[in-house]
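# An overview of the molecular structure
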Amino acid sequence: MAAADSPSTALRRDLCSRGIRLAGKMRADVVDLLDAYVEQQGLDASASVAAVEGVPLAAVERWDEQTGTQRLLENLAAYRAFRALLAQMLEEQREQLGEADAGLGRALAAVLLQVSAFAYHLEELLRLESRGIPGEEEDGPPPPPRLSLFEQKLRGLGVLRELAQWAVRSVRDLRQLAKSSPATGAAPGLAESP
Amino acid sequence: LSLAAPPKEPVLMCRSNNYPKGFYCSWHLPTPTYIPNSFNISVIHGTKDMVCEKDAVPKNRCHIRYLQLFSTVKYKVTLTVTNALGKNFTTLTFDEFAIVKPDPPESVVAKPVPNNPRRLEVSWQNPSSWPDPESFPLKFFLRYRPLILDQWQHVELSDGTSHTITDAYAGKEYIIQVAAKDNDIGTWSDWSVAVHATPWTEEPKHLTTEAQITETTSASTSSFMAPPTTKICDKGAMVGSGAVAVCWTVGLVVAAYSVLFI
C-alpha cells in the first residue's frame, strides 16, 4: 500500500463512499415504494414479470472481471434509462389517478430525484476517471407503444424491481471501484478458492 | 420389524453462505423408508438448466456456482426422491438475494478490561466461508446478558469486528454471542458459539496494616483481574490504627465499588 493517498485517490474514495451511501438510501426507498406500488396497484408481489423492453437489467455475468470504467458506464446508462422510465411512470400515474394517489406519486417523484442525483454522481466519477461522458440522446430505445392500464402496472413493477437490484449492484460496483487502482481502473478479482 | 415405505415429500433447503460465489442445497427425508433411495436434483434459472454438483461429504448436498449476479429471475430447484416403492418430490423457488445467509462469526473472544468493572471487550472474525468481506462486507449483531438474567441486550454493528460492552454489571458472569449478515442482502446467520466472561473486579483487600497487604498479579479471560502491582497508598495516608487501620484511598475505592454492586 502507498504511504499516503494522492489527492485524486482520496477524492475518488470520497466520491465512492458518498455514492455508496446514496445508492443505499435509494435502495431502501425503492423497496418501500415497491411495497406501496404492489399494494396500491392491486398486484401480486410474487408475480413474475417478463423482461420489459427498455428496462436495463441488473443481471451480469463475470461481474468480478469488469473494469472500473465498465462499471461506471453501465451504471450511468442504467440510471439514465430509469430516469426516463420513472418520469413516464409518474406521468401515467397522474393521468390515471389524478390526486387520488398523491402518496404514491410523491414517493415516485422522490425516487426519481434520487435516481437523477445518482446519475449525476456517476458522471462526476467518470470525469475523475478522465473518461468522456456518453451523450444522453444516444441512450435507450425509442418510447414503446401505448400500453393498456394493466400492462402499465406490470411494467412499473418490472421497473421498480430492476431498480432495486441495480441499487444493490451499484453499491457493490462502487466498493470495487474504491478498491481498484485509479490509473488502470482494473478490478482486483475475487480470490479463487479450490 | 420395520416396513419398507415409499418416500414422503423430502425436505429441501438452499442457502448461500459464500456469496457471491454460489449456493448449496441440502435435503433429507422426514421419515425413513428402510430401503435405498436415490435423489435427483434439478436447478433452473429462467430458461437455463444448471448443474448442481454433488458434494462428496455430506452426501445429501450439492452446490452451484453463480453464473450471473444481481438477477431478478428466480431459481427453481426440484428434488425428486425415488425408491422401489414409489417417488416423491418437492420444489423450492427463490431469488438470489433471499437465500444469502453467512455462517456465524468465528473465534469470538470476550475479555475483561483492566480497571474497568463494567466493561467487556469482545472481538470476533468473519466466517472463513465468506470469500470477500472487503467487497461484500458483513454487519454484526451482538447479544449479551448476565447468566443470572434472562433478557438479552442487543447491539447492531455496521463495521468492525470488535465491540466494548460498557454497561455490564460489575462482578457478574456474562454470556455473549455474535451473528453476521451481508450488509445489503439476505438474512442473519445463526448465533456464534457462546463465550463467557466476567468484568474486571479488584480483589478484595483485607482491612489490615499496609505491611500485611500482599500484591499479586494474574491474567485471565474469564475471571477476576488482580489489582495493579503499583502501591496505592503511603504510610502517611493511613487512617485509624492497629488491626483496622485503613489506607484512606483504599477506603474511597471500596466505597465507590460498593455503590456499583447490585
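Residues numbered from 1 in each chain as written. Chains lettered and ligands numbered in written order. Predicted model: local features only at pLDDT ≥ 70, side-chain atom pairs only at ≥ 80, totals over all residues. Heavy atoms only, no water.

If you look chain B up in an unreviewed UniProt entry, it shows as CNTFR factor from Donacobius atricapilla. If you open the UniProt record of chain B and go to Subcellular location (unreviewed entry), you find "Cell membrane". Turning to chain B, the UniProt annotation filed under Sequence similarities (unreviewed entry) states: "Belongs to the type I cytokine receptor family. Type 3 subfamily." (UniProt positions renumbered as here; feature names shortened; annotations may be inferred.)

Labelled according to an unreviewed UniProt entry, chain A appears under the name Ciliary neurotrophic factor, originating from Donacobius atricapilla. The Sequence similarities (unreviewed entry) field of the UniProt record for chain A holds the comment "Belongs to the CNTF family." UniProt, in its Function (unreviewed entry) section for chain A, records the words "CNTF is a survival factor for various neuronal cell types. Seems to prevent the degeneration of motor axons after axotomy."

Time to look at the interface of chain A and chain B. Contacts between chain A and chain B engage 21 residues on the former and 21 residues on the latter. Here chain A meets chain B over a buried area of about 1,900 Å², counting both sides, of which 51% is carbon and sulfur. Inspection of the region where chain A meets chain B yields 5 salt bridges. Taken together, chain A and chain B are joined by 12 residue pairs in polar contact (both at pLDDT 80 or more). Mapped by element, the contributors of at least two residues to the side of chain A that touches chain B are β1 (60-61) and α4 (149-179) of chain A. The leading source of residues in the side of chain A that touches chain B is α4(A), at 10 residues. Looking at the side of chain A that touches chain B residue by residue, the class counts come to 8 nonpolar, 3 polar and 10 charged. As defined by bridge partners, β1(A) adjoins strand β7 (residues 68-69) of chain B across 2 bridges and the pair is classed as antiparallel. Counterpart to V60(A) in the pairing with β7(B) is L69(B). (Contact = heavy atoms within 4.5 Å. Buried area = accessible area lost by both parts, 1.4 Å probe. Salt bridge = Lys/Arg side-chain N within 4 Å of Asp/Glu carboxyl O. Polar contact = N/O pair within 3.5 Å; in protein donor to acceptor, adjacent residues only side chain to side chain. Helix = DSSP H or I, 4+ residues; strand = E, 2+ residues; numbered from the N terminus. Nonpolar A, V, L, I, M, F, W, Y, C, P; charged D, E, K, R; others polar. Pairing = 2+ DSSP bridges.)

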